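Letter by letter, the chains look like this.
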Amino acid sequence: MEVVIVDSPAAGADLAADAIAQLLRAKPAAVLGLATGSTPLGVYDALVKLHEQEGLSFAQARGFALDEYVGLPADHPESYREVLQREIVGRVDFAPGAVRTPDGWASDLSAACLDYEEAIAEAGGVDLQILGIGTDGHIGFNEPSSSLASPTRVKTLTVETREDNARFFDGDMAAVPKHVLTQGIGTILRARHLVLLAWGANKAEAVAATVEGPVNSMMPASALQLHPHATIIVDDAAAAGLAQADYYRYVFANKPDWQGI
Ligand code: PGA
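Residues numbered from 1 in each chain as written. Predicted model: local features only at pLDDT ≥ 70, side-chain atom pairs only at ≥ 80, totals over all residues. Heavy atoms only, no water.

Chemist: Hey, could you run me through the side chain of Lys-255 in this one?
Modeler: Inspection of the secondary structure assignment puts Lys-255 in the segment after α8 (245–253). Assessed through its relative accessible area of 15%, Lys-255 is described here as buried. Apart from residues no more than four positions distant in its own chain, Lys-255 is found in contact with Glu-2, Gly-260 and Ile-261. (Helix = DSSP H or I, 4+ residues; strand = E, 2+ residues; numbered from the N terminus. Buried < 20%, exposed > 50% of the residue type's maximum accessible area, 1.4 Å probe, protein only. Contact = heavy atoms within 4.5 Å.)

Following this line, the structure appears as structure tokens:
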């Protein structure tokens with residue numbers, strides 16, 4: 001696990017976007033794992049800039065979202081299908097249908113989850129997965145107590161997550177769906193490179209437990225300790241609880257130039 005502490009969310013977003021750009025240049029048909037929420041928005045802005053100014057192309061790439069709400073109207077602006085369309089997919093040159101979200105509108109949700117797992121496998125697996133982290137330590141929507149081996153499935157959101165996400169629903173927690181489809185922790189761990197981003201003091205506790213605490217289903221993001229290539233990019237505020245922060249800074253400052261994240 002590599003921990004990179006950056007001066008600002010913008011610097012962290014650039015680092016993640018550069019890793020995606022490097023991947024796409026080496027492997028134009030790469031499979032990207034896309035996250036929603038506030039955290040990755042700077043990454044998407046940086047990718048759009050690279051697309052517009054340097055011709056970075058997504059034309060052969062594919063993408064899979066981490067999760068989707070269940071029960072929103074199909075055209076709701078906060079469905080993750082709509083959010084990804086607005087924030088990244090519609091701003092670059094992805095081919096039509098190249099980015100998928102779990103089907104939160106399916107009449108058979110379990111079958112939709114199975115279908116999603118199969119689609120990821122058929123695409124050859126995810127090359128680089130962007131992740132945010134919930135204040136309760138969730139990745140995707142794998143809430144505390146999620147199996148560390150879980151597949152894509154239906155989950156019930158914690159009250160904490162629904163409170164956190166009420167800001168996307170005009171502050172109305174009652175409007176935040178209770179149920180979601182989410183890639184499981186087992187699914188996420190199969191991606192070849194995990195890049196978890198966290199900004200702000202409200203993430204500091206979860207970040208410290210993820211990096212320096214025990215691997216524990218009550219802190220789902222701690223499963224990243226089991227992954228051979230996990231990069232945690234945090235700003236100073238989100239790094240505030242890390243006991244070994246000086247060491248992580250020293251490691252990154254002394255990293256050879258040829259070695260990306
Ligand atoms: P946020 O959400 O990026 O909106 O903070 C992160 C998450 O819930 O995974």
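Having seen the structure, we can now continue with the description.
Chemist: Teacher, can you tell me more about the environment of Asp-172 here?
Modeler: Note on placement: Asp-172 falls in the loop between α5 (159–165) and β8 (179–182). Judged by its relative accessible area of 37%, Asp-172 falls in the partly exposed class. C-alpha of Asp-172 to C-alpha of Val-89: the two residues are 83 residues apart in sequence and 27 Å apart in space.

Chemist: For this particular structure, what's the right way to read the site of the ligand?
Modeler: By nearness alone, every residue bordering the ligand is listed as Gly-37, Ser-38, Thr-39, Gly-132, Ile-133, Gly-134, His-138, Arg-167 and Lys-203. Within the side chain of Thr-39, a nitrogen or oxygen atom sits 2.4 Å from an oxygen atom of the ligand. Considered class by class, the residues forming the shell around the ligand number one nonpolar, six polar and two charged. (Near = heavy atom within 4 Å. Polar contact = N/O pair within 3.5 Å; in protein donor to acceptor, adjacent residues only side chain to side chain. Nonpolar A, V, L, I, M, F, W, Y, C, P; charged D, E, K, R; others polar.)

Chemist: How should I be thinking about the sheet that holds strand β2 (residues 31–34) in this particular structure?
Modeler: The pairing of strands in a sheet comes from backbone hydrogen bonds and takes either a parallel or an antiparallel form. Taken together, the seven strands give an open sheet; going across it, the order is β1-β10-β9-β6-β2-β3-β5, and neighbouring strands pair in parallel fashion. The open sheet terminates on both sides in strands that have one partner only, identified here as β1 (2–6) and β5 (99–100). Here strand β3 (residues 62–65) pairs with β5 via two bridges, running parallel. Residue pairing across strands places Gly-63 opposite Val-99, the latter belonging to β5. On top of the sheet, helix α1 (residues 9–26) reaches β1, β2, β6 (128–131), β9 (193–198) and β10 (230–235); it is set at about 160 degrees to β6, its chief contact. (Pairing = 2+ DSSP bridges. Axes fitted to C-alpha atoms, helices over the stretch in contact; angles between N-to-C directions.)

Chemist: In this structure, what is going on with the packing of aromatic side chains? I would like to understand it.
Modeler: Think of a pair of aromatic rings as described by two things: how far the centres are apart, and how the planes are tilted against each other in angle. Following the criterion strictly, the structure yields seven aromatic pairs and no others. Ring centres of Tyr-69 and Phe-169 lie 5.7 Å apart, and the angle between their planes is 85 degrees; on these two criteria the pair is classed as edge-to-face. Note that Tyr-69 is positioned in strand β4 (residues 67–69) and Phe-169 in the loop between α5 and β8, a separation of 100 residues in sequence. Assessed through its relative accessible area of 1%, Tyr-69 is described here as buried. Aromatic side chains Tyr-80 and Phe-141 sit 6.0 Å apart centroid to centroid with 20 degrees between the ring planes, which places their arrangement in the stacked category. With a gap of 61 residues between them, Tyr-80 in helix α3 (residues 80–87) and Phe-141 in the loop between β6 and β7 (153–156) connect regions that are remote in the sequence. Here Tyr-80 falls in the buried class, since its relative accessible area comes to 6%. On the accessibility criterion, Phe-141 (4% relative accessible area) is buried. An aromatic cluster of three or more residues is present, and its members are Tyr-69, Tyr-80, Phe-141 and Phe-169. (Phe/Tyr/Trp six-rings, centres within 6.5 Å; stacked < 30°, edge-to-face > 60°.)

Honestly, it's all geometry; don't read function into it.
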